[in-house]
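# Geometric and topological summary
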Amino acid sequence: MAVFASGRGSNFEAIIRAVSSGFLKKIKLSLLVCDNPAARALGIARRAGIRTLVVRREDFSKRSEFEAEIIRHLERCGVELIVLAGFMRILSAEFVRRYRWRIMNIHPALLPAFKGAHAIREAFDSGVKLTGVTVHFVTEEMDSGPVILQEEVKVRDNDSAASLEKRIHRLEHKIYPLAIRLFLQGKLKIKGGKVRIAQSSGRSSTAR
Ligand code: GRF
């Protein structure tokens, strides 16, 4: 598995904990891909002894070259699952197709509501009473792939954007490892563009 992150890395941290506690079994967290040399996530990886790849988009004239460099490392590490955790770049359709049903993302809202980079703030400002967290497979269109897990967070009358954000992150750290575990157990089946979670274990022919 490789995690892609651009910033704080709290989901990355939660995934590391899930691996070291044994909640995620038979998986190696082989690589952190990071496009921001100042990201806190890099320090987390180093402390945990996880290999890092820092690739700055500005160092490549074309996105395809930037992605080719990433793919080279993914292949070298034998990566089969890509987990986006606050990665602030949009992956090309070619990249997504290459790793079809093997790229997951976490989004801090109940998709398809509040897509994009400011979901928590926009949900808070809109006055919704309910928001939440979505883990989904990545497809060519941003924040639109089949939903794997979704859980709600109630917006309280006395919430600030910051207090709401805190509860959303806490939930993210719980459900991302859960979604990854379902993947590893082969329980995620894709049918008619939707994810079905198989009750019994067994490898899926479509999602792996
Ligand atoms: C999370 O809120 C995630 O949902 C979004 O980016 C944020 C990353 O936070 N995609 P962190 O870097 O994992 O702390």
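The coordinates are above.
Quick caveat, the model's predicted, so the values are computed rather than measured.

### Let's talk about the site of the ligand
In the region of the ligand, the neighbouring residues are Arg8, Gly9, Ser10, Asn11, Gly86, Ile106, His107, Pro108, His169 and Glu172. The separation between an oxygen atom of the ligand and a polar side-chain atom of Ser10 is 2.5 Å. Compared with its free state, where it exposes 370 Å², the ligand has 86% of that area covered by protein. Looking at the shell around the ligand, the elements that each hand over two or more residues are α1 (10–20), β5 (103–107) and α6 (161–184). Among the residues forming the shell around the ligand, the class breakdown is 2 nonpolar, 6 polar and 2 charged.

### A look at the pattern of salt bridges
With the rule as written, the count across this model stands at 13 salt bridges. Across the pair Arg72 and Glu69 runs a salt bridge whose closest N-O atoms are separated by 3.2 Å. Here Arg72 pairs with Glu69, and both are found in helix α3 (residues 63–76), just 3 residues apart, close to one helical turn. With a relative accessible area of 45%, Arg72 lands in the partly exposed category. The residue Lys174 makes a salt bridge to Glu151 at a minimum N-O spacing of 3.5 Å. Of this pair, Lys174 sits in helix α6 while Glu151 sits in strand β7 (residues 147–154), and the two are 23 residues apart along the sequence. Overall, Glu151 belongs to the partly exposed group, its relative accessible area being 30%.

### Quick notes on the packing of aromatic side chains
Taken as a whole and assessed by the stated rule, the structure comprises 6 aromatic pairs. Between Phe4 and Phe87, the ring centres sit 5.2 Å apart and the planes meet at 75°, which makes this aromatic pair edge-to-face. Of this pair, Phe4 sits in strand β1 (residues 2–5) while Phe87 sits in the loop between β4 (82–84) and α4 (93–98), and the two are 83 residues apart along the sequence. Judged by its relative accessible area of 9%, Phe87 falls in the buried class. An aromatic cluster of three or more residues is present, and its members are Phe4, Phe87, Phe95 and Tyr99. In this structure, Arg100 packs its charged tip against the face of Trp101, placed 5.4 Å from the ring centre.

### As for α1
Listed as buried for α1 are Ser10, Asn11, Phe12, Ala14, Ile15, Ile16 and Ala18. Tucked into the core, α1 has its buried residues touching β1, β2 (31–34), α2 (40–48), β4, β5 and α6. Just past α1, the residue Gly22 takes up positive phi, approximately 90°.

### Some thoughts on the packing of helix α5 (residues 119–126) against α6
Axis separation between α5 and α6 bottoms out at 10 Å; the angle between their running directions is 125°. For the element pair α5 / α6, the angle class is oblique. Every pair of crossing elements has a handedness; the one defined by α5 and α6 is right-handed. Touching Ile120, Arg121 and Phe124 of α5 are Ala161, Leu164, Glu165, Ile168 and His169, all from α6.

### Side note on the environment of Ser6
Checked against the element boundaries, Ser6 lands in the loop between β1 and α1. Take Ser6: its relative accessible area is 8%, and that puts it in the buried class. Taking the C-alpha atoms as reference points, Ser6 and Val19, separated by 13 residues in sequence, lie 21 Å from one another. What Ser6 contacts, discounting residues up to four positions off in sequence, is Asp35, Asn36, Ala39, Ala85, Gly86, Phe87 and Met88.

Rules of the game
Residues numbered from 1 in each chain as written. Predicted model: local features only at pLDDT ≥ 70, side-chain atom pairs only at ≥ 80, totals over all residues. Heavy atoms only, no water. Near = heavy atom within 4 Å. Polar contact = N/O pair within 3.5 Å; in protein donor to acceptor, adjacent residues only side chain to side chain. Areas by Shrake-Rupley, 256 points an atom, 1.4 Å probe, with all protein chains shown as cover. Helix = DSSP H or I, 4+ residues; strand = E, 2+ residues; numbered from the N terminus. Nonpolar A, V, L, I, M, F, W, Y, C, P; charged D, E, K, R; others polar. Salt bridge = Lys/Arg side-chain N within 4 Å of Asp/Glu carboxyl O. Buried < 20%, exposed > 50% of the residue type's maximum accessible area, 1.4 Å probe, protein only. Phe/Tyr/Trp six-rings, centres within 6.5 Å; stacked < 30°, edge-to-face > 60°. Lys NZ or Arg CZ within 6 Å of the ring centre and 35° of its normal. Contact = heavy atoms within 4.5 Å. Axes fitted to C-alpha atoms, helices over the stretch in contact; angles between N-to-C directions. Parallel < 35°, antiparallel > 145°, perpendicular 65-115°, else oblique. Left-handed = near helix turned anticlockwise from the far one by under 90°.

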